[in-house]
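# A closer look at the structure
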Amino acid sequence: MAALGAAEYQGPLREMTATAMPVTFAGTVGLFMPAAAPTRQTAVLFLSPWGFEEMCVRKFWRILAEDLAKAGIASLRFDYAGTGDALDIADPGEGLMLWEGTALSAAAMLRSLSGCERLILVSQGLGSVVALDIAERLSAIDGIALLAPTISGRAYLRELTVWSKMIDEGMGLTETQRRTEGVTIASLQMPDVIVAAVKKLNLMTLAQVGAPDCLVLKRPGRPVDADFAAHLETLCPRVERGAYDGYDELVSNPTIATMPLEAGRKILDWAKSITTEPATASRKILRAPRAEALIGDGFRETPLRFGEDNRLFGILCEPSGDRAGATALLLTTAYDRHAGWGRMSVTMARALARDGIPSLRFDTANVADSPPLPDMPDQVLYSRDQPRDVSAALDILEAKKLLPAFAVGRCSGGYLAFQAAIRDSRCSGLITVNPYAFFWDETQSVDEALRFVPRSLETYRQKFLQFETLKRLYGGQIDAKSAARNIVTALARRAVRLGRPLLGVLPFFAGEHETVINGFRSLTKRQVDISLIYSAHDIGLDHFREHFGEDAAGLKNFPDIRLTIIPDADHNLTPPYARKVYLREVREMALRLGE
């Protein structure tokens, strides 16, 4: 099942969820969630894990913050320096001091915003090391929650290496396409000075804890977590243990991650049990949250809420100098946060701004930091209603006089860009990168499709010729039934596009084809600028050929559409040269539309 959201926590009938307030400090972006009255005397500071694990936990943090607020507990979540939406750092300093410095600033900000002097630190993975370190330097820490803590630095780095390879193999990357320099996972590289510090970590030698209460959620099948909890009991007056049920499912993939509901309830109950009871009167925020622009090299970025009830969260990136092009609307892929896979959207937005091109990157409803709509299903991908979020983004751009604008998206974001451009005439351009399809059959399960994503026939052919694939197939590590089903479907689709008479036998494909072509016709009639980008062996290229032919001959009816095929690139455009092609196409469209 794909990553769901607050409905799992709070039932299928829900009201509009309150949204966190953006705030900027210490070169980073935070989201402050005020407590609902009556408020407690303690606030929660979230300390995130790093890298791919942070991407997976992002939505879980948001849901937990919402539930803490309903229990009267304010909270703040933020990005460490040089990660997520934070400014890049030229000098990372030594060890974990850079991230600890951001965390200390976040603690001061949370106290200022909430009026609460006492804090609880909720941490996961490498964030647990940060939590334990800053707790010794902060006063009035009531408790530390340590979720799947990084106990041995060397073991953690070894695990990251294996994890990285599994992710890359899952995306179909070859060894030549993989990024292997330093410690890298999901196109995110850990600074070398932090790697050096992590290697030395060993929480089993911890000598003191700066809090009277601790909660340890242990990962399944990792006895070292229980050993650490036992060691912690010799240092801390009260230690509560629990199982981190759902951990492996949470960190498997942000696209199909399920929220760890039982773990969330344990954290919530524990936090409530150690906080001071609600005050008789509602505590007011002592300082109003302010999201002033972060100023970088040639750009300024402002976090903002927009849409009905300020339900959507995004980052507006503008050039420091004069504007020179149309605004790029950078859409999310699946359930990845708006920073993008490997911070791709952050890097692109700032590069565009240096060329005078503004952009808005944001989370659609029920993705990362944007809560779900009360009247919508939890599964939002490929939903006919998701273009509403794009229209809300165009509303804010129009209000800020930042039109014309064009939509940019990869994979499911490319599908959304296509559908949104059809529905909203303010969308002047469209760039899709490796869209799986331009048409979605609503009888098809999105969850099933995301869990067993098909590959192109060329990719299957290459894989089956590799000894490693045969070994994994024999060992049961590959779902043979799903692979066989995907191959049969791909063969059927290829038969369709090689022999159009078959469309009479397969009327569904005929209807899909007509719908897609009519969509492109309506866009070209409106003179929408269109650019299609594909990796050479991406599965989306098979769907493209169904509509435009094996040699793209059908594009002769759409002479203004640009088609770019990137050789030796994966679905996520991991190789740097592939991302340069992507950036070039976005930049050129922005400049054309801005003339």
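Only a predicted model underlies this, so the values are computations on that prediction, with no experimental measurement involved.

Parameters and conventions
- Residues numbered from 1 in each chain as written.
- Predicted model: local features only at pLDDT ≥ 70, side-chain atom pairs only at ≥ 80, totals over all residues.
- Heavy atoms only, no water.
- Helix = DSSP H or I, 4+ residues; strand = E, 2+ residues; numbered from the N terminus.
- Buried < 20%, exposed > 50% of the residue type's maximum accessible area, 1.4 Å probe, protein only.
- Contact = heavy atoms within 4.5 Å.
- Areas by Shrake-Rupley, 256 points an atom, 1.4 Å probe, with all protein chains shown as cover.
- Phe/Tyr/Trp six-rings, centres within 6.5 Å; stacked < 30°, edge-to-face > 60°.
- Salt bridge = Lys/Arg side-chain N within 4 Å of Asp/Glu carboxyl O.
- Pairing = 2+ DSSP bridges.
- Axes fitted to C-alpha atoms, helices over the stretch in contact; angles between N-to-C directions.
- Core = buried A, V, L, I, M, F, W, Y, C linked by side-chain atoms within 4.5 Å.
- Polar contact = N/O pair within 3.5 Å; in protein donor to acceptor, adjacent residues only side chain to side chain.
- pLDDT = per-residue confidence, 0-100.
- Left-handed = near helix turned anticlockwise from the far one by under 90°.
- Nonpolar A, V, L, I, M, F, W, Y, C, P; charged D, E, K, R; others polar.
- Expected span 1.5 Å × (residues − 1).
- Right-handed = clockwise from strand over helix to strand, strands pointing away.

### Some details on the overall build of the protein
Helix and strand counts for the protein come out as 19 helices and 19 strands. By the burial criterion, 59% of the 595 residues in the protein qualify as buried. Of all intrachain contacts in the protein linking residues separated by at least 6 positions in sequence, the fraction that spans at least 24 positions is 76%. Just so you have it, the protein exposes about 23300 Å², and 54% of that area is on carbon and sulfur atoms.

### A look at the packing of aromatic side chains
For the coordinates displayed, the defined rule picks out 20 aromatic pairs. Judged by centre distance (6.3 Å) and plane angle (55°), the rings of Tyr-436 and Trp-440 are tilted. Assessed through its relative accessible area of 7%, Trp-440 is described here as buried. The structure contains a cluster of three or more aromatic residues connected by ring pairs, namely Phe-418, Phe-438, Phe-520, Tyr-534, Phe-544, Phe-548 and Phe-558.

### Observations regarding the pattern of salt bridges
One pass over the full model with this rule turns up 38 salt bridges. With a closest N to O distance of 3.8 Å, Arg-219 and Glu-159 form a salt bridge. Placement of Arg-219 in the loop between β9 (213–218) and α7 (223–233) and of Glu-159 in helix α5 (residues 153–170) is noted, with a sequence separation of 60 residues between them. Owing to a relative accessible area of 31%, Glu-159 belongs among the partly exposed residues under this scheme.

### Considering the sheet that holds β9
Pairing within the open sheet is mixed, and its eight strands lie in the order β1-β2-β4-β3-β5-β6-β9-β10. Looking along the sheet, the strands with just one partner apiece sit at the ends: β1 (21–25) and β10 (238–243). Adjacent strand axes in the sheet meet at a mean angle of 20°, parallel and antiparallel pairs treated alike. Inspection of the sheet shows strand β3 (residues 42–47) paired to strand β4 (residues 75–78) by two bridges, in the parallel sense. Within the sheet, the bridge partner assigned to Leu-45 lies in β4 and is Leu-76. Strands β1, β2 (28–33), β3, β4, β5 (118–124) and β6 (141–147) of the sheet are contacted by helix α3 (residues 97–114), whose axis makes an angle of about 150° with β3.

### Looking at the nonpolar core
Core analysis: the largest hydrophobic core is formed by 131 residues, its most contacted members being Leu-45, Leu-47, Ile-144, Met-190, Phe-406 and Tyr-582. Tallying contributions element by element places helix α2 (residues 52–70) first for this core, with eleven residues. Those residues in contact with Phe-406 that sit more than four places away from it in its chain are Ala-326, Thr-327, Ala-328, Leu-329, Cys-427, Gly-429, Leu-430, Ile-431, Val-586, Met-589, Ala-590 and Leu-593. Membership of the second largest hydrophobic core comes to 39 residues, among which are Leu-316, Leu-360, Ala-392 and Leu-532.

### What to know about the environment of Asp-88
Relative to the helices and strands, Asp-88 is located in the loop between β4 and α3. It is 9.8 Å that separates the C-alpha atoms of Asp-88 and Thr-347, two residues lying 259 residues apart in sequence. If near-sequence neighbours (up to four positions away) are discounted, Asp-88 is found in contact with Gly-82, Arg-343 and Arg-350. A distance of 2.7 Å separates the side chain of Asp-88 from the side chain of Arg-343, its partner in a polar contact. A polar side-chain atom of Asp-88 sits 3.5 Å from a polar atom in the side chain of Arg-350.

### Focus: the confidence of the model for the protein
When pLDDT is averaged across the protein, the result is 87; 85% of the residues are at 70 or more. Confidence drops under a pLDDT of 50 for residues 463–467, and excluding neighbours within four residues, the segment shows seven contacts in the predicted structure.

### Let's talk about the pairing of strand β12 (residues 299–306)
Within a regular strand, side chains alternate between the sheet's two faces. The buried count for β12 comes to six of eight residues, which makes it a mostly enclosed element. Bridge analysis of strand β11 (residues 294–296) against β12 gives three bridges, and the strand direction is antiparallel. Of the residues in β12, the one forming a bridge with Ile-295 is Arg-300. From the end of β11 to the start of β12, which pair antiparallel, there are two residues, and Gly-298 there has a positive phi angle of about 85°.

### Describing the sheet that holds β12
The strand order β11-β12-β13-β15-β14-β16-β17-β18-β19 describes an open sheet built from nine strands, whose pairing is mixed. The open sheet terminates on both sides in strands that have one partner only, identified here as β11 and β19 (562–566). Each adjacent strand pair in this sheet contributes to an overall mean axis angle of 20°, direction not counted. The strands touched by helix α18 (residues 539–548) within the sheet are β18 (529–535) and β19, with β18 carrying the most contacts at an inclination of about 130°. Sheet contacts for helix α19 (residues 576–593): β14 (327–330), β16 (405–410), β17 (427–433), β18 and β19; angle to β17, the most-contacted strand, approximately 170°.

### Topic: the packing of α2 against helix α9 (residues 261–274)
The N-to-C vectors of α2 and α9 enclose an angle of 40°; their axes lie 10 Å apart at closest approach. Handedness of the α2/α9 crossing: right-handed. Mapping the contact onto sequence places Phe-60, Leu-64, Asp-67 and Leu-68 in α2 and Gly-264, Ile-267, Leu-268 and Ala-271 in α9. Considered class by class, the residues forming the contact of α2 with α9 number six nonpolar, one polar and one charged.

### Focus: α19
For α19, built from 18 residues, the straight-helix expectation of 26 Å at 1.5 Å per residue is met to within 8% by its first-to-last C-alpha distance of 26 Å. Where α19 is concerned, the buried positions are Ala-578, Arg-579, Val-581, Tyr-582, Leu-583, Glu-585, Val-586, Met-589, Ala-590 and Leu-593. In this structure, the buried residues of α19 make contact with β14, α10 (344–354), β16, β17, β18 and β19.

### Examining the environment of Glu-588
For Glu-588, the location among the structural elements is in helix α19. Sequence spacing of Glu-588 and Gly-325 is 263 residues, and the spatial spacing of their C-alpha atoms is 9.0 Å.

### Things to note about the side chain of Gln-386
By secondary structure assignment, the location of Gln-386 is in the loop between β15 (359–363) and α11 (387–399). Here the side chain of Gln-386 touches Thr-364 through a polar contact of 3.1 Å, side chain to side chain. Filtering out sequence-adjacent residues up to four positions away, Gln-386 remains in contact with Thr-364, Val-380, Leu-381 and Leu-416.

### Things to note about the pairing of β3
By the criterion of burial, β3 is predominantly enclosed, with six of the six residues buried. Residues of β3 alternate between two faces, with Thr-42, Val-44 and Phe-46 on one and Ala-43, Leu-45 and Leu-47 on the opposite face, all of them buried. Sheet topology note: the β3/β5 ladder contains six bridges and is parallel. Counted as the bridge partner of Leu-47 is Ser-123 from β5. For the handedness criterion, the β-α-β arrangement of β3, α2 and β4 is classed as right-handed.

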